[in-house]
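One letter stands for each residue in the lines below.
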Amino acid sequence: MAHGGADEPPSESLDGDVQSPKDRSLLHQSLAIRELVDTEVSYLHMLQLCASDIRSRLQQLPQGDLAILFSNIDEIIQVNSKFLHGLQETASKEEEQVYLIGNLFLGFQEDFEQVYKVYCANYDQALLLLEAYQKEPELQREIQTIVQTVLPQAGSSGLSFILVIPLQRITKYPLLLQKILENTLPDDSAYPVLQRATSALQDVNANINEYKMRKEVASKYTKVEQLTLRERLARINTHTLSKKTNRLSQMLKQEAGLVPRTQDKDFDDLEERFQWVSLCVTELKNNVAAYLDNLEAFLRFRPHECDLDIPSGPAVQYCSLARDQHETFLEFKRRLEGLVWCPLNSLAKVLVGPRNLIKKRLDKLLDFERLEEKLLEVGSVTYEEEAARHTYQALNSLLVAELPQFNQLVVQWLSQILRTFVALQRDLAEQVLQKAEGSIAQLPHHCVSEPAFRKLVEDAIGQTSKQLRSFQENFEKVLPPPTSQPLLPGSERQVQALLNKYGPGKLYQVTSNISGAGTLDLTLPRGQVVALLQNKDTKGHSSRWLVDTGGHRGYVPAGKLQLYHVIPSEELRGQAELRRGSHRLAPEPAPTPAPSVPAVTQVVAAYPFVARSTHEVSLQPGQPVTVLEAHDKKGNPEWSLVEVNGQRGYVPSGFLARAPSPSPWGWTLPS
């Protein structure tokens, strides 16, 4: 119960006796209350000067620096303004003032903790900035002048004097309450309330210190370092190897069921929510990137800048419409990048820190579980091991406390980006329709209903597609067949055996020489036909196939095999007698074989051919060729002995023609 003359010194009573202990306690209690109120007024005034005058005069500093230096000082001012108003209201009720003050502190316990823990956690970063400013004497002098102009009592300490004030204030509240409590009689009704308030403010300070420690641990592990392989190897030592070995051992024991795994359903639910949110951000980022790529391709197509050589008609009207709309789409792209793409990239970067913390928590959890086992078995752990236990507890507590709010903020951020994207699309549609209103009326079919217009477009596209297919078919009919290698001389029996054993669908031809490197690899010449046994190796790789040559089995590169099919022998009249009445194997598609060429005949090469040995010669299309013998030494008419540019050798008979084709490469457009 405070009295009006409490700030006067103790006086003696009328009979000369000194005041009683109760009166002295009341006097000291009143002085403690006065100190609380007066210092709160001075503290709040100093905060307001700092936020308004000093911060406004430091605008030459980057906004990021100002955010670190002054942190959430506006929130502190807001909370303490309400608190001071409540303190001043208690003065009107002297009989209940102490009781009301205790309840006031209890009511502001949560608010104090929420705002001051953020400020205290950022305080170390602010000090690092001040140290950096000291390396720039001119900037340091400018800051010092501003601070001394507004707050002369700051002296040479400058900004550091101001920034430490909120930390000093929150730690002083328990001391001021303790002083009031010491001068309150135990039988007073306000005594238990003051006790609870003092304990509550002590808990606030303890929680702030714990939060600050967690943030320091988190900041250590959220940093993303871009290290080279050499730098990573340089960090490996016996300590890190021991930690990783212990973690791996703990994980293997858990997988084997030898030790139980720590279950934390609350954290598991939060992590699952975080991973879901991260996936949404990643998918949206990929989709927007693809959208921007397509938009960029669309903007590169500028028909209005092309000379179409069309004097009038719908094409000219379309070019005019495209010219009018081009700037609209450019502006849409700029807004899309600034309002959607950039915020989306920033959001993706924000997720990196929590993602690293979650990964690090798993490592620390393995350490924690191993140390818990040791603690149960031995009963004690070393100082370093105890620090490792506290690190896990700090990380886990921080994630459990902040992941819900973080997930919620990310969802809100993501929702805002999506709403912005939809709004940009709507604005684009309105602008395009507004600008195209006059041009659309001049285009054909502008009066057609939407369903009828859609049907018209589908029919036009279908008709155009049909014309393109007809053009493609006519074009392919007159194209020369692709170059393929004939069968190797003397390989007919081997190919026939493979055909009888495996069927035509399993036969492949080697397109280039293969040199086997392993014990199971085959060495095969170009042109040899093999049968496919399996389209992958023992490791499941589809780049190596298991084949049968008719004598050996082994692996060959899949990229050097070409599918064969069977052509009826009637189309190959005049070929070897071995093929009469059966089927001949050839590459797909096979060149139409030429009739038997009489000896010493002047012909031309119809297709290119690359010699594979000294017994063969190469051909170029249209090259003059002299046929010396229309068969090989075994009488096989598939090969002819020729002379080309003074060189003699064998070439496939089917690659020769009596005269050049009048128009072998010609084609015409479909009517």
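Residues numbered from 1 in each chain as written. Predicted model: local features only at pLDDT ≥ 70, side-chain atom pairs only at ≥ 80, totals over all residues. Heavy atoms only, no water.

Student: Before we move on, can you summarise the side chain of N183 with the specific residues and values?
Tutor: Mapped onto the fold, N183 is located in the loop between α8 (165–182) and α9 (191–222). Here N183 falls in the buried class, since its relative accessible area comes to 14%. Polar contacts involving the side chain of N183 include one to the main-chain carbonyl oxygen of K179, which spans 2.8 Å. With near-sequence residues (within four places) excluded, N183 lies in contact with S25, H28 and Q29. (Helix = DSSP H or I, 4+ residues; strand = E, 2+ residues; numbered from the N terminus. Buried < 20%, exposed > 50% of the residue type's maximum accessible area, 1.4 Å probe, protein only. Polar contact = N/O pair within 3.5 Å; in protein donor to acceptor, adjacent residues only side chain to side chain. Contact = heavy atoms within 4.5 Å.)

Student: Let's hear about the side chain of R169: which residues, and what values?
Tutor: When you line up the elements, R169 lands in helix α8. Of the polar contacts made by the side chain of R169, one reaches the backbone oxygen of L36; its length is 3.4 Å. One polar contact links R169 to T39, side chain to side chain, over a distance of 3.1 Å.

Student: Requested: an account of the layout of surface pockets, with residues and values cited.
Tutor: The space that makes up the largest pocket amounts to roughly 1,200 Å³. Among the elements of the structure, α5 (109–133), α9, α14 (352–378) and α15 (383–440) are those that each provide at least two residues to the lining of the largest pocket. Structurally, the lining of the largest pocket is a two-domain feature, drawing no fewer than three residues from each of domain 1 (21–220) and domain 2 (262–441). (1 Å grid on protein atoms, 1.4 Å probe; cavity = no way out; pocket = protein on both sides within 12 Å on 5 of 7 lines; lining within 4 Å. Points joined across faces, edges and corners; volume = space filled by probe spheres on them. Domains from an automatic or database assignment.)

Student: Kindly report on the pattern of salt bridges, identifying the contributing residues and their values.
Tutor: All chains considered together, the criterion is met by 22 salt bridges. A salt bridge links R389 to E386, with the nearest nitrogen and oxygen atoms 2.9 Å apart. Of the two residues, R389 and E386 are both situated in helix α15; the distance of three residues between them amounts to about one turn of the helix. The network of salt bridges with shared partners includes E296, K333 and E337. (Salt bridge = Lys/Arg side-chain N within 4 Å of Asp/Glu carboxyl O.)

Student: Explain helix α2 (residues 63–70) to me, using residue names and the numbers behind them.
Tutor: Those residues of α2 not exposed but buried are D65, L66, L69 and F70. Along the axis of α2, the buried residues cluster in a sector spanning 110°; they form a single face. Structurally, α2 contributes buried residues whose contacts are with α1 (21–57), α3 (73–90), α5 and α7 (159–163). S71, located one to two residues past α2, shows a positive phi value of around 45°. (Arc of directions from axis to C-beta.)

Student: How would you explain helix α4 (residues 97–107) if you had to name every residue and give the values?
Tutor: All of the buried residues along α4 are Q97, V98, I101, G102, L104 and F105. What you see down the axis of α4 is that its buried residues fit within an arc of 160°, all on one side.

Student: I'd like to hear about the sheet that holds strand β11 (residues 656–657), residue by residue, with values.
Tutor: With respect to topology, five strands assemble into an open sheet ordered β10-β9-β8-β7-β11, the strand pairing being antiparallel. Because the sheet does not close on itself, it has two edges, and the strands there are β10 (647–652) and β11. With four bridges connecting them, strand β7 (residues 601–605) and strand β8 (residues 624–629) associate as antiparallel partners. Counted as the bridge partner of V604 is P624 from β8. (Pairing = 2+ DSSP bridges.)

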